[in-house]
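# Close look at the chain arrangement
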Amino acid sequence: MVYRKRLDGRKIDELRPVEAKVGVVSNADGSASFRIGKTWAIAAVYGPREIFPRFLQNPKRGILRCHYSMMPFSGSGERIRPGSNRRAQEISLVIQKSLEPVVDLSAFPNAVVDIFVELPQTDAGTRCAAISAASMALAVAGIPMKDLVSSVAVGKVDDKVVVDLDYMEEHIEEFNPESAAASVADIPVAMIHNTKEVTLLQMDGKVSKEDLIYALELAKKGIEQVYATQVKALKAYFPSE
Amino acid sequence: MSTILVQERAIVVPGEALAEGMDYLPGDNTYREQERIYSKVLGLVSLSGRVLKITPLAGPYIPKIDDKIIAKVTDITMSGWRVDTATAYSAMLNVKDASSRFIKKEEDLSQILAIGDYLVVGIINVTSQNLIDVTMRAPGLHKIEGGRIIEINCQKVPRVIGKQGSMISLLKEKTGCDITVGQNGLVWIKGSTPEQERRVESAIRLIELKSHLEGLTEKVEKFLSEVQ
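Residues numbered from 1 in each chain as written. Chains lettered and ligands numbered in written order. Predicted model: local features only at pLDDT ≥ 70, side-chain atom pairs only at ≥ 80, totals over all residues. Heavy atoms only, no water.

## Section: the nonpolar core
Leu99(A), Ile115(A), Leu138(A) and Leu234(A) are the most contacted members of the largest nonpolar core, which has 91 residues in total. Residue contributions to this core peak at 10 residues, all from helix α2 (residues 126–140) of chain A. A domain-level breakdown of this core finds at least three residues from each of domain 1 (3–56) and domain 2 (68–143) of chain B. Ignoring any residue separated from it by four or fewer positions in sequence, one finds Leu138(A) in contact with Val45(A), Leu64(A), Leu99(A), Val103(A), Val113(A), Ile115(A), Ile143(A) and Met145(A). (Core = buried A, V, L, I, M, F, W, Y, C linked by side-chain atoms within 4.5 Å. Buried < 20%, exposed > 50% of the residue type's maximum accessible area, 1.4 Å probe, protein only. Helix = DSSP H or I, 4+ residues; strand = E, 2+ residues; numbered from the N terminus. Domains from an automatic or database assignment. Contact = heavy atoms within 4.5 Å.)

## Section: the sheet that holds strand β9 (residues 198–201) of chain A
All names here are of chain A. A sheet is described by the order of its strands in space; here 4 strands give the open sequence β7-β6-β8-β9, paired in antiparallel fashion. Every interior strand has two partners, whereas the edge strands, β7 (160–163) and β9, have only one. On average, each strand axis in the sheet is tilted by 20 degrees relative to the strand beside it, whichever way the strands run. By the bridge criterion, 3 bridges tie strand β8 (residues 184–192) to β9 in an arrangement that is antiparallel. Residue pairing for β9: Met191 is matched across the bridge by Val198. Against the sheet, helix α1 (residues 86–99) makes contact with β6 (149–157), β8 and β9, and its axis sits at roughly 165 degrees relative to β9, the strand it touches most. Running at roughly 140 degrees to β6, helix α5 (residues 209–236) makes contact with β6, β7, β8 and β9 of the sheet. (Pairing = 2+ DSSP bridges. Axes fitted to C-alpha atoms, helices over the stretch in contact; angles between N-to-C directions.)

## As for the sheet that holds strand β3 (residues 39–50) of chain A
Residues and elements named next belong to chain A. Reading across the sheet, the 5 strands line up as β1-β2-β3-β5-β4 and stay open at both edges, with mixed pairing between neighbours. For this open sheet the edge positions go to β1 (18–22) and β4 (63–70), each flanked by a neighbour on one side alone. The average undirected angle you get between the axes of adjacent strands in this sheet is 15 degrees. Pairing analysis gives 8 bridges linking β3 to strand β5 (residues 111–121), with the strands arranged antiparallel. Bridge pairing in β5 links Val45 to Ile115. Contacts from α1 reach β4 and β5 within the one sheet, and its direction differs from that of β4 by about 140 degrees. Most of the contacts of α5 go to β1, to which it runs at about 30 degrees, and overall it touches β1 and β2 (30–36).

## A word on the environment of Arg137(B)
Residue and element names in this part refer to chain B. By the element assignment, Arg137 lies in the loop between β13 (132–135) and β14 (142–143). Along the primary structure Arg137 and Ala98 are separated by 39 residues, whereas in three dimensions their C-alpha atoms are 6.3 Å apart. Those residues within four positions of Arg137 in sequence are excluded, and the remaining contacts are Lys96, Asp97, Ala98, Ser99 and Ser100. Engagement of the side chain of Arg137 in a polar contact is seen with the backbone oxygen of Lys96, the distance being 3.1 Å. (Polar contact = N/O pair within 3.5 Å; in protein donor to acceptor, adjacent residues only side chain to side chain.)

## Observations regarding unusual backbone geometry
The linkage connecting Gly47(A) with the following residue, Pro48(A), adopts the cis geometry, with an omega of 5 degrees. Its place among the elements puts Pro48(A) in strand β3. With phi around 60 degrees, Asn29(B) is a residue other than glycine that occupies positive phi space. Within the secondary structure, Asn29(B) is located in the loop between β4 (25–26) and β5 (30–33). Residue classification places Asn29(B) among the partly exposed residues on the basis of a relative accessible area of 26%.

## Thoughts on the domain arrangement of chain B
All names here are of chain B. For chain B, the domain assignment lists domain 1 (3–56), domain 2 (68–143) and domain 3 (148–226). Each of domain 2 and domain 3 has a C-alpha centre, and these two points are 26 Å apart. Tallying the contact residues gives 8 residues for domain 2 and 9 residues for domain 3. Counting the surface lost from both domain 2 and domain 3, the interface buries some 740 Å², and carbon and sulfur atoms represent 73% of this. At the boundary of domain 2 with domain 3, the tally comes to 0 salt bridges. Taken together, the links from domain 2 to domain 3 amount to 3 residue pairs in polar contact (both at pLDDT 80 or more). Contributing elements (two or more residues each) for the side of domain 2 that touches domain 3: β9 (68–76) and β12 (118–126). The element best represented in the side of domain 2 that touches domain 3 is β9, accounting for 3 residues. Taken together, the residues of the side of domain 2 that touches domain 3 sort by class into 5 nonpolar, 2 polar and 1 charged. (Buried area = accessible area lost by both parts, 1.4 Å probe. Salt bridge = Lys/Arg side-chain N within 4 Å of Asp/Glu carboxyl O. Nonpolar A, V, L, I, M, F, W, Y, C, P; charged D, E, K, R; others polar.)

What follows is the structure, given as structure tokens:
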């Protein structure tokens, strides 16, 4: 009963193919698309702009507001009801919290920067893709920020600690008869690049302390790769000719 | 021993290290963390003396005193007009700053400036909370009549104007249009024909797209001679 080989043939510390592009939504102040395997996030940033309802205003600094949404046919199963739900609200909140430490909105009191993330296609790891996309979109919008945030999920499938779980691995008992009684832990992680501060750490499942420490080491490596992709995409937006 | 880690005019991302050591100083859009200077925005590196700064490639307009901007009247109040500045903050145009003539107390303010009118105004005061006061009582400030207004990335405004106004005079000369560029990124174009206005607009879009490259004026000159 061990998870010998990953279902899609990846190495245990290997990410799915990552692809990033910025400037994909022409009407937004800044936008980015981030794909990791089949998961695809598009982030659009608007603002700083006036905030409504007014009571949300903060006279000391501008606020960041996120909206995460999966598109109706983005999943592999049933149609997803459009609009917000409990899960989307939570993810919106954690995206906002994971980006807040890097953005500096002190020059924009009483204003808001809105981030909208839409997912046209999902295959697990959506909040991580959303964070990576949103961080790039903020940079393109010219919002002052001290660093970029990059994110990847790690986890434990059966007895193996792996990086970047896909939907099949998260539901291993359905897809792999050998692991019928297997347990899965899914740990999305977001980090600030320079300081390696963790701005998002959630977990679904069970994992031992040793495995968690090891998983976070793997996450660090994976995040490095995501960061490199983000930087490349941002620089490629302004070609030298 | 201080070293600079990036080249002049290189594109840097937020959080990218620019220099190491205390000999360099952090300028606009940069910050120091211990020994290193980092970028705070996506932009181009420029080094003047020992000061490192970043010219942002995009970003919001930050209102400054004496800036000339283009604004739209959104409301009429007891003491003047509220105008939209295309930022997160609206501005106030007081009755006494609106015109050089005396406006009587009982006068209908909408007869002077109506809601929806566009104005070329100057900023006279900005508070820490970004409350803005504007005026129309200076040369070159007026109500806009006719023509068209386009919105551009406000960080590109200096490039649309050019060094000592070289770019804007080129545009005016080649198309015969009257062009006013607001620091907030709104541009008013008025020409004899809509075709000429369109020409200016597409030239400005070209400037926006290629502004981070060298030899911009030549590119625009070539573009204008090709597109008639």
